[in-house]
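Residues per chain are reported as follows:
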Amino acid sequence: MLSLTSKGLVDVPVLVSGDGDLVEAIKAVKELGRHVELATLPRGRSWELVQAADVVHELDVTPRGQVLHRASRRVTAAEAGGEGGLAGLVGAGGGRGGL
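The paragraphs below set out a description of the structure included in this document. Along every chain, residues carry numbers that run from 1 in the direction the sequence is written. Only residues with pLDDT of at least 70 are given local features in this predicted model, and only at 80 or more are side-chain atom pairs given and counted; all residues enter the totals for whole chains, interfaces and linings. Side-chain metrics in this entry use all non-hydrogen atoms of the structure; hydrogen atoms and water are not considered.

Examining a nonpolar patch on the surface
Here's step 1: What goes into a patch is any residue over 30% in relative accessible area without a salt bridge, connected to like charges within 9 Å or, for nonpolar side chains (Val, Leu, Ile, Met, Phe, Trp, Tyr), within 5 Å. For every accessible area listed, the method is Shrake-Rupley and the probe measures 1.4 Å; residues are considered covered only by the protein chains on display. Whenever Lys or Arg places a side-chain nitrogen within 4 Å of a carboxyl oxygen from Asp or Glu, that contact is recorded as a salt bridge. On the surface, Val12, Val14 and Val16 cluster together into a nonpolar patch covering about 250 Å² of accessible area.
Here's step 2: The secondary structure listing takes helices from DSSP runs of H or I that are at least 4 residues long and strands from runs of E that are at least 2 residues long, numbered from the N terminus. When you line up the elements, Val16 lands in strand E1 (residues 14-16).
Here's step 3: Accessibility expressed as a relative area gives 61% for Val16, which makes it exposed. A 1.4 Å probe rolled over the protein chains alone gives each residue an accessible area, and that area as a share of the maximum for its type sets the label: buried under 20%, exposed over 50%, partly exposed in between.

See below:
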């Protein structure tokens, strides 16, 4: 993601993950002046990853294994500062790291 964006080959990178280890990659891409979107399942995603993204696309998996797009939200500065702002995207697990 960072390599392609830094070379100008990607306009809006979309990261499909829930792994908090990728927060620094999102921050690095944003330092290049790019908008970063995150597509993730509601459970098991890192709260820090959600906060780092500009837009979060919530995915869902059907019993047959199909991946569906459930919702999208822009993450505002106020929402990125605390856990309560993304209540509409938080799964039943809630809390840090258990979104």
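Still to come is the rest of the account.
Description of the side chain of Thr40
Here's step 1: Tracing the backbone shows Thr40 in strand E2 (residues 37-40).
Here's step 2: Take Thr40: its relative accessible area is 3%, and that puts it in the buried class.

Side note on the pattern of salt bridges
Here's step 1: Overall, the coordinates contain 6 salt bridges when judged by the stated rule.
Here's step 2: Here Lys30 and Asp54 are joined by a salt bridge, their closest N and O atoms 3.2 Å apart. One end of the pair, Lys30, is in helix H2 (residues 23-31); the other, Asp54, is in the loop between helix H3 (47-52) and strand E3 (55-61), with 24 residues separating them in the sequence.
Here's step 3: Measuring nitrogen to oxygen at the nearest pair gives 3.9 Å for the salt bridge that ties Arg70 to Asp60. Taken together, the positions of Arg70 in strand E4 (residues 67-74) and Asp60 in strand E3 put the pair 10 residues apart, joining distant regions of the chain.
Here's step 4: With a relative accessible area of 49%, Arg70 lands in the partly exposed category.
Here's step 5: Salt bridges sharing common partners tie together Arg45, Glu58, Asp60 and Arg70.

Some thoughts on the pairing of E2
Here's step 1: Side-chain alternation along E2 places Glu37 and Ala39 on one buried face and Leu38 and Thr40 on a second face that is also buried.
Here's step 2: Pairing between two strands requires that DSSP report at least two bridges joining them. Across 3 bridges, the pairing between E1 and E2 is parallel. In the strand pairing of E2, Leu15 is matched with Leu38.
Here's step 3: With respect to chirality, the unit in which E1 leads through H2 into the neighbouring parallel E2 is right-handed.
Here's step 4: In this sheet, E3 lies alongside E2 in parallel orientation, the contact comprising 4 bridges. The partner of Glu37 across the bridge, within E3, is Val55.
Here's step 5: We call a crossover right-handed when, viewed with both strands directed away from the observer, the connection leading from the first strand over the helix to the second proceeds clockwise. Read as a crossover between parallel neighbours, the route from E2 over H3 to E3 is right-handed.

Some remarks on the pairing of E4
Here's step 1: Pairing geometry for E3 and E4, over 7 bridges, is antiparallel. By the bridge assignment for E4, Leu59 is matched with His69.
Here's step 2: From the end of E3 to the start of E4, which pair antiparallel, there are 5 residues, and Gly65 there has a positive phi angle of about 90 degrees.

Let's talk about the nonpolar core
Here's step 1: Counting 13 residues, the largest nonpolar core has Leu15, Ile26, Leu38, Leu49, Val50 and Val56 as its most contacted members.
Here's step 2: For this core, the elements supplying multiple residues, two or more each, are H2 and H3. In this description, a nonpolar core means a group of buried Ala, Val, Leu, Ile, Met, Phe, Trp, Tyr and Cys residues linked to one another through side-chain atoms lying within 4.5 Å.

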